[in-house]
Amino acid sequence: MAAVDAGWTVIGVDNFEAKVAMINGGLSPVEDISNPQLQAAIAKGVYKATTDYSSVSQASVITICVPTPLDGKRQPDLSLLRSAARGIAPFVSNKTLVVSESTSYPGTLRDIIIPLINSLKPEDSSTIYFASAPERVNPGDPVWNQKNTPRLIGSIDKESQQRAITFYESICDAAVSVSTPEVAEAAKLLENTFRLVNIALINEFTQLCTAGGINVNEVIDAAASKPYGFMPFRPGVGVGGHCIPVDPLYLTWWARQNGGRAPFVELADSINHQMPKYIAERALSMVDTEIRNPRVLILGVAYKSGVSDVRETPVSELRDYLKAQGAEVAWHDPLVPVWGGLDSVELDWDCDVAILATKQPGMKFKRLIDRGVNILDCTNSIIGQAGVSSL
Ligand SMILES: NC(=O)c1ccc[n+]([C@@H]2O[C@H](COP(=O)([O-])OP(=O)(O)OC[C@H]3O[C@@H](n4cnc5c(N)ncnc54)[C@H](O)[C@@H]3O)[C@@H](O)[C@H]2O)c1
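Computed from a prediction, not measured in an experiment: that's the story for all the values here.

1. Some words on the overall build of the protein
Part 1 of the argument: From N to C terminus, the protein includes 12 helices and 14 strands.
Part 2 of the argument: In terms of overall size, the protein behaves like a compact globule, its C-alpha atoms giving a radius of gyration of 23 Å where 391 residues would be expected to give roughly 21 Å.
Part 3 of the argument: Taking the principal axes of the C-alpha coordinates as reference, the protein spans close to 75 × 50 × 40 Å.
Part 4 of the argument: Buried residues in the protein amount to 44% of all 391 residues.
Part 5 of the argument: In the protein, the share of contacts with a sequence separation of at least 24, taken over all contacts with a separation of at least 6, comes to 69%.
Part 6 of the argument: Surface summary for the protein: the accessible area is close to 19,100 Å², and the carbon and sulfur share equals 54%.
Part 7 of the argument: On the protein, the mean spot of the 34 positive side-chain charges and the mean spot of the 43 negative ones are 2 Å from each other.

Next up, the structure:
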């Protein structure tokens, strides 16, 4: 949509037929894009979705932005990226710019995407330009968006860089040039690893503060009064979504490929994964010890506030640990109607304790407070209410 707004005609290629049909029917699958915005672009003939890779032959710029998840061994899974590169390669026209926006480890563009495309491209497409410009999106953020977030660009040669800068300057307020694609790829991993380790630090610090009888959020507020050298991060159930828990493991994997290790990052990952257990135990300690199978209501299951995305949500580990302790668990999330095959319950579900895991807009947790339900608030949203403990 940013490219549409900048005057480009855009074709979205996706191999998920139902999603393509939904988009062409004017329904946006992306929370930050409204249906009227999408419908206007379709009506003007400047945007359409298709499953047909051959349509990329009309493009002067191709951006690849498919998911880059982890495999069963928690290692980089580039199968979708490879399949997208294989899909477009036979149809890439001469002098087209191909940009990888997917997050991955340094070397992905040069060592995987470029050889694949060069080996399958049409014979008359002698010159293809390549760049890496990692996607920077914070879903649900009312301030920072595609347009006003500077975009990193690293290319394989000067001509590619010039073309990539021209394209991204047309859709973003600022394009930041770096010397190679590897620098752009590594910077993306650094950005998200920075968040992972700082969240882990605060999650560890939270446990120290609780044991010492201090409110961690008050400590963070106090430290944040320092105008330099400190950035407030907040504790929570862990990290979720398809970026913060995933991208640092691309970094640890890349470190191992180069004969090194990233123990600091591995430790941060492991501390965050201990949080669901810590929170479950704190919540269960708020229940009368005579109740053998406590009924626990989890409030908010999306990985962060204001979104319906449950991918990699740490709440699933919280739910599983509670169940393993014999608890009966239900959940409520106004933005997530169904999760794990089960429906969101109403707030009048009879429970022995509630855990506010993700604060969602429209969540009326006051109804629980009025009923006298004890709540463990992991979001620092309910201040000074009887029966509410904060992390
Ligand atoms: N969404 C974010 O908040 C965000 C932020 C920063 C970086 N990223 C990165 O951007 C990349 C994409 O993430 P996303 O959230 O947009 O993913 P997504 O899952 O929302 O969408 C990707 C789309 O790619 C399609 N797809 C998968 N394989 C394909 C193939 N071979 N050919 C064509 N289409 C294919 C899927 O059907 C899906 O519709 C990832 O590398 C992610 O790490 C995402």
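Anyway, onward from the coordinates.
2. What to know about the environment of Pro276
Part 1 of the argument: By the element assignment, Pro276 lies in helix H10 (residues 263–284).
Part 2 of the argument: As for Pro276 and Lys48, which are separated by 228 residues in sequence, their C-alpha atoms are 42 Å apart.
Part 3 of the argument: Ignoring sequence-local partners within four residues, the contact set of Pro276 consists of Val237, Pro314, Glu317 and Leu318.

3. Brief notes about the sheet that holds strand E14 (residues 388–390)
Part 1 of the argument: The parallel open sheet is built from five strands, whose spatial order is E9-E8-E12-E13-E14. Edge positions in the sheet fall to strand E9 (328–332) and E14, since each has one partner strand and no second. The sheet shows a mean angle of 20 degrees between the axes of neighbouring strands, direction not considered.
Part 2 of the argument: Bridge count for strand E13 (residues 375–377) against E14 is three bridges, and the pairing is parallel.

4. Some points on the packing of helix H4 (residues 79–88) against helix H5 (residues 108–120)
Part 1 of the argument: Their axes nearest at 8 Å, the elements H4 and H5 cross at an angle of 30 degrees. What the angle tells us is that H4 and H5 run roughly parallel. The two elements H4 and H5 cross, and the hand of that crossing is right-handed. Each of Leu81, Arg82, Ala85, Arg86 and Ile88 in H4 lies in contact with H5, whose residues at this interface are Thr108, Ile112, Ile113, Leu116, Ile117 and Leu120.
Part 2 of the argument: Of the residues in the contact of H4 with H5, the class split is eight nonpolar, one polar and two charged.

5. Things to note about the site of the ligand
Part 1 of the argument: Taken together, 22 residues sit near the ligand, with Asp14, Tyr53, Thr68, Ser83 and His242 positioned nearest.
Part 2 of the argument: Residue Lys19 places a side-chain N or O atom 2.7 Å away from an oxygen atom belonging to the ligand.
Part 3 of the argument: Side-chain polar atom of Tyr53 to a nitrogen atom of the ligand: 2.4 Å apart, as the coordinates give it.
Part 4 of the argument: When the ligand sits alone it has 820 Å² of accessible area, and the protein chains cover 85% of it.
Part 5 of the argument: The leading source of residues in the shell around the ligand is H4, at three residues.
Part 6 of the argument: Classifying every residue of the shell around the ligand gives 11 nonpolar, six polar and five charged.

6. Focus: the side chain of Asp309
Part 1 of the argument: Looking at the element boundaries, Asp309 is found in the loop between strand E8 (295–299) and helix H11 (315–324).
Part 2 of the argument: With relative accessibility at 17%, the residue Asp309 sits in the buried group.
Part 3 of the argument: Reaching out from Asp309, the side chain makes a polar contact with the backbone nitrogen of Arg311 at a distance of 3.0 Å.
Part 4 of the argument: Contact partners of Asp309, with chain neighbours within four places excluded, come to Ala302 and Tyr303.

7. So, the sheet that holds strand E7 (residues 175–178)
Part 1 of the argument: Spatially, five strands are ordered E3-E4-E5-E6-E7 in an open sheet, and the strand pairing comes out mixed. One side of each edge strand has no neighbouring strand; the edge strands of this open sheet are strand E3 (61–64) and E7. This sheet shows a mean twist of 30 degrees between the axes of neighbouring strands, independent of strand direction.
Part 2 of the argument: The pairing of E3 with strand E4 (residues 97–100) spans four bridges and is parallel. Residue Ile62 lies in a different strand from E4, and its bridge partner there is Val98.

8. Focus on the packing of aromatic side chains
How two aromatic rings sit relative to each other is given by the distance of their centres and the angle of their planes.
Part 1 of the argument: With the rule as written, the count across this model stands at six aromatic pairs.
Part 2 of the argument: For the pair Phe167 and Tyr168, a centre-to-centre distance of 4.8 Å together with 75 degrees between the ring planes defines the contact as edge-to-face. Accessibility assignment for this pair places Phe167 and Tyr168 in one class, buried.
Part 3 of the argument: Both rings, one in Phe194 and one in Phe233, keep their centres 5.9 Å apart while their planes meet at 65 degrees; by these two values the pair is edge-to-face.

9. Description of helix H3 (residues 35–43)
Part 1 of the argument: At the N-terminal end of H3, a side-chain oxygen is found 3.2 Å from the backbone nitrogen of Gln37, two or three residues along, and the residue is Ser34.
Part 2 of the argument: Just downstream of H3, Gly45 is the residue with a positive phi angle, here 75 degrees.

What counts as what
Residues numbered from 1 in each chain as written. Predicted model: local features only at pLDDT ≥ 70, side-chain atom pairs only at ≥ 80, totals over all residues. Heavy atoms only, no water. Helix = DSSP H or I, 4+ residues; strand = E, 2+ residues; numbered from the N terminus. Rg over C-alpha atoms; globule rule 2.2 N^0.38 Å. Buried < 20%, exposed > 50% of the residue type's maximum accessible area, 1.4 Å probe, protein only. Contact = heavy atoms within 4.5 Å. Areas by Shrake-Rupley, 256 points an atom, 1.4 Å probe, with all protein chains shown as cover. Lys, Arg positive; Asp, Glu negative; His and termini not counted. Charge placed at Lys NZ, Arg CZ, Asp CG, Glu CD. Pairing = 2+ DSSP bridges. Axes fitted to C-alpha atoms, helices over the stretch in contact; angles between N-to-C directions. Parallel < 35°, antiparallel > 145°, perpendicular 65-115°, else oblique. Left-handed = near helix turned anticlockwise from the far one by under 90°. Nonpolar A, V, L, I, M, F, W, Y, C, P; charged D, E, K, R; others polar. Near = heavy atom within 4 Å. Polar contact = N/O pair within 3.5 Å; in protein donor to acceptor, adjacent residues only side chain to side chain. Phe/Tyr/Trp six-rings, centres within 6.5 Å; stacked < 30°, edge-to-face > 60°.

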